[in-house]
Amino acid sequence: MLDLSHARNRMVEVHLSRRGIHGREVLNAMREVPREAFVAPGFEEFAYEDGPLPIAEGQTISQPYIVALMIEMAEIGPGDHVLEVGTGSGYAAAVLSRIVERVYTIERHAGLAETARQRFQELGYDNIEVRTGDGTKGWPDAAPFDAILVAAGGPGAPLALQEQLDVGGRLVIPVGDEPHDQRLLKVTRTGAATYSEEDFGGVRFVPLIGEQGWPESGNRIANDRPSGRARTRSLPEMIAAAAEPLPDFDDPAFGKLFDRFGDRRVVLLGEASHGTSEFYRARAAITRRLIEKHGFTIVAVEADWPDAAAIDRYVRHRPPRANADPPFQRFPTWMWRNSDVAAFVDWMRHHNERIRLSSRLAGFYGLDIYNMSGSIAAVLQYLDRVDPQAAKIARERYGCLTPWQHEPSTYGRVALTSGYEKCEQAVFEQCRELLARQLDYAQQDGIDFLDATQNARLIASAERYYRIMYYGGAQSWNLRDTHMFETLEHLLEARGPNAKAVVWAHNSHIGDARYTEMGIVRDEVNIGQFCRQRFGDEAALIGLSTHSGTVAAASDWDSEMEIKRVRPSHNDSYERLCHDSGVSRFLLDIKRDDTLRQRLLERRLERFIGVIYRPETELRSHYAGASLSQQFDAFVWFDETVAVTPLGPEHVGTGVPDTYPFGL
Ligand code: SAM
C-alpha cells in the first residue's frame, strides 16, 4: 500500500500554504483526507500534484489549490450548514466533512454519486449526504445554507442557489460566457432580496449542466444572473484582436515589428523547446534587425563559453584557436549545430565584414557552464602564450579537476567524501589571479583576455555546480542562472557603457521565474528575473511557443536525437488559448493592451520542452503553471512548427576533420 502522507503534507505546504491559503481548518482537513482514494485507479502517485485529474464520465477531480481556495472564499467554519454542487469524485465533499458537521452534495451522474458514496463509507466519513440530480436547483428541503460551493462552471449564478442561501450566506461558483472559461464568483446574500458579488479571477471547470446551467450541447438555456452585463469577449478572441501577424522570416517587415524593443539595453528571446526551427529563425530575424538598426553588438546564447568562443572567432574573422577541440561536440549537439544557427552565424560574419570599427563588431558569446574541460584548455593555452610561468601554476591548480574533466558529474560524488576544498580553493585562486593581472594581460589583447577570464570564471562556477548538483534541488539551477546573468553583465561591461545585448535562451531561463512554478514552488531564479531586477524597463522578456508539429529532441540524457511529434497543446494551457485564436503566427505585445494583460495574469499551464521530450508523460513532465503576462513582456506564436535540421553526424566523432563553423 502506497504511503503518501509525506506527499500530502508537502502538497499542503507547497501548493496551499505558500500560495496564500492560511485557514487552519482547511489546511488540517486537506492534510487528513487521502486524495489518492478519490482518483481513478493508476493515478494514485499523481494525487498530490496540484492539478485536476480525470475521473469517470469525462469529469475531473478538482485541483487541490482550487478546492482549498473555494473553501476559504466561502469562509466555511465548523458551525456552517453547507451544500456542494458537483460531487464528482467526492474529494471536496470529504474535505468539507472534516470541517463542518454535515455536508450535502449533489451529482448529476448517478455512477459518480454511487462511487463517492462508497468511498465515504470506506473512509468512515458518515456525515455526508449524497444525492443524484440537477444541482442547479439546489436542495430545497435542506436549505437555507451558510455556504454553497459549485464545482462546475455555469453561465451565471443559478437563482435557486442564491435563494437557498441564508442571509449572510456565501455562494462560490465559476461563471463565464463560455462553457470552459470562467471566473470564480462569490455571491453573498446581504438581505432578504439583496446580494453582493466579488470576482476572484479566472478558472477552468467542467461545465455545470442543468436547468439553470448549460444544456448538454453547450449552449446557454437559462441566465439567472442579474441581467445587464454585456457579453465579454473570450480570451482567444481577445488574443486574435491583439495579435500582430508575422510575415516571412526573410521579409524585412518581420524584424521591423520588433523595432519597439530597439531602445532596450537587453532583449531576451526565449524558446519553448531546444529543437524547433521557427524559434531559431525568428530569433535570428529579430536579432539581425536589432544589430543592424539599433546598435546591438552582443549575442549571448545558452551555450558553453568556450564553444561559443569558436563561433565568435569565425564571425569576427579571427583564426580558429590552434589545436582547440571543435565546438558543440557534447550532447545535445543539434542545439547549436543546426542549419538555422549556421545561417545566422554566416550572416553575422558578413555583417561584420561591412563594419570597419572593431567596437561595432557583433560578437557571439556563450552564457552556460557545462564545458569545463574546454575552458581549462583555453585558459592554459592563453597563459602558455602570455605568461608561461603562470601557465605552470595554473596547470597544477586545474590538475585537481583533471580526473573528472570528461565526466564532471561524478566529481560531485567524489567531492562529498574527500578533500574537494583543495579544488575549490585552487580554481578560485586561479580566477582571482587572472583578474588581478588584467593590466598586464589585457594590454596584449583585450578580446583574448576577456575570453580567458570568462573561461576561468566558468571553471570556478562549474566546480561548484557539479559539487552541489549532487544534492539536487534548486541550488544548482540557481548557481547556473546566476553564472549566466553575471556573464551577461561582464559582457555588457566589457563592451562599454552603451552596449546592448540580445539573449537567446529557453523560456525557462528568460521568463521571469517569480511568476512561474519555478519560483513560486521550487524557489528557482533565472536570467529573466535578474534582468528585470537589474535593468527594469530596459529589459524586454519575449517568450516563443507553439501548438504542435515536430521537434528535435532525445528521450533520455545523452541518447540519440530523434524527430518527435509535438502533441497538440493541453486544453488548460496558454498555448491552447493562442491556438484557439485562429491566427497562425503572431507577436502579442502583452504590455500594450491592459485588459488582455489582466486576463493573462491568470495561472495556467505552459509547455516547456527541453532537449528531452517525453510526449507519453507530457502533462507531468513538460507542463507547469505560469502567469503569462507577468512572466513575459511579449509572446511570439507559431501554431505549427518543424524540427531543426542538425548538421549531420559526419561532423562529430567520425574521424573526419571537423571544421564547424569554419568549413561552412
Ligand atoms: N468536487 C469534485 C471533486 O472534488 O472531485 C469535482 C467535481 S467536477 C470538477 C464537477 C462535477 O460537477 C462533475 O462530476 C459533473 O458531473 C458535476 N455536475 C455538472 N453539472 C451538474 C449539475 N447540474 N448538478 C450536479 N452535478 C453537476
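Predicted model, so just to flag it, every value in this text is computed and none were measured.

(A) Structural view of the pattern of salt bridges. Applying the stated criterion to the full structure yields 44 salt bridges. The partner of Arg 183 in a salt bridge is Asp 199, and the shortest N-O contact between them spans 2.8 Å. One end of the pair, Arg 183, is in strand 8 (residues 181-189); the other, Asp 199, is in strand 9 (residues 195-203), and 16 residues separate them in sequence. Of the residues examined, Arg 183 reaches a relative accessible area of 28% and is grouped as partly exposed. Asp 589 is the partner of Arg 260 in a salt bridge, and the nearest nitrogen-oxygen pair spans 2.9 Å. Of this pair, Arg 260 sits in the loop between helix 8 (252-256) and strand 11 (266-269) while Asp 589 sits in strand 17 (residues 585-589), and the two are 329 residues apart along the sequence. The buried category is assigned to Asp 589, whose relative accessible area is 10%. It is possible to trace a salt-bridge network through shared partners that takes in Asp 512, Arg 514, Arg 532, Lys 591 and Asp 633.

(B) Spatial organisation of the site of the ligand. In the vicinity of the ligand, 27 residues are found, and the nearest of them are Glu 84, Ser 89, Glu 107, Gly 135 and Ile 209. In the environment of the ligand, an oxygen atom lies 3.2 Å from a nitrogen or oxygen atom belonging to the backbone of Ala 92. The fraction of the free accessible surface of the ligand (600 Å²) that becomes covered by protein chains is 99%. Sorting the residues of the shell around the ligand by element identifies strand 2 (60-61), helix 4 (91-97) and strand 4 (103-107) as the ones contributing at least two each. Within the shell around the ligand, the residues separate by chemical class into 11 nonpolar, 12 polar and four charged.

(C) Molecular detail of unusual backbone geometry. The residue after Ala 143, namely Pro 144, is reached through a cis peptide bond having omega 0°. Between Phe 331 and the following residue, Pro 332, the backbone shows a cis peptide bond with an omega angle of -5°. Looking at the element boundaries, Pro 332 is found in the loop between helix 10 (305-315) and helix 11 (339-354). Here Asn 323, not a glycine, exhibits a phi torsion of approximately 60°, which is positive. Tracing the backbone shows Asn 323 in the loop between helix 10 and helix 11. Among the residues examined, Asn 323 registers a relative accessible area of 78% and is labelled exposed. Non-glycine residue Phe 328 carries a positive phi angle of around 55°. Position of Phe 328 relative to the elements: it lies in the loop between helix 10 and helix 11. Judged by its relative accessible area of 7%, Phe 328 is buried.

(D) View of the domain arrangement of the protein. As far as domains go, the protein holds domain 1 (55-219) and domain 2 (233-296 + 500-643). Between the C-alpha centres of domain 1 and domain 2 the distance comes to 36 Å. Buried surface at the junction of domain 1 and domain 2, both sides included, amounts to about 570 Å², of which 33% is carbon and sulfur. Seen at the junction of domain 1 and domain 2, the total is one salt bridge. Of the charged contacts in the structure, one is a salt bridge between Asp 572 and Arg 204, with a shortest N-O distance of 3.3 Å.

(E) Looking closely at the state of the cysteines. For the coordinates displayed, the defined rule picks out one disulfide. What pairs with Cys 400 in a disulfide is Cys 423, and their sulfur atoms sit 1.7 Å apart. One quick way to see it: the torsion about the S-S bond of Cys 400 and Cys 423 is about -90°, and its sign makes the bridge left-handed. Of this pair, Cys 400 sits in the loop between helix 13 (388-399) and helix 14 (409-417) while Cys 423 is found in helix 15 (residues 421-436), placing the two residues 23 residues apart along the sequence. Take Cys 423: its relative accessible area is 3%, and that puts it in the buried class.

How each quantity is defined
- Residues numbered from 1 in each chain as written.
- Predicted model: local features only at pLDDT ≥ 70, side-chain atom pairs only at ≥ 80, totals over all residues.
- Heavy atoms only, no water.
- Salt bridge = Lys/Arg side-chain N within 4 Å of Asp/Glu carboxyl O.
- Helix = DSSP H or I, 4+ residues; strand = E, 2+ residues; numbered from the N terminus.
- Buried < 20%, exposed > 50% of the residue type's maximum accessible area, 1.4 Å probe, protein only.
- Near = heavy atom within 4 Å.
- Polar contact = N/O pair within 3.5 Å; in protein donor to acceptor, adjacent residues only side chain to side chain.
- Areas by Shrake-Rupley, 256 points an atom, 1.4 Å probe, with all protein chains shown as cover.
- Nonpolar A, V, L, I, M, F, W, Y, C, P; charged D, E, K, R; others polar.
- Domains from an automatic or database assignment.
- Buried area = accessible area lost by both parts, 1.4 Å probe.
- Disulfide = S-S within 2.5 Å.

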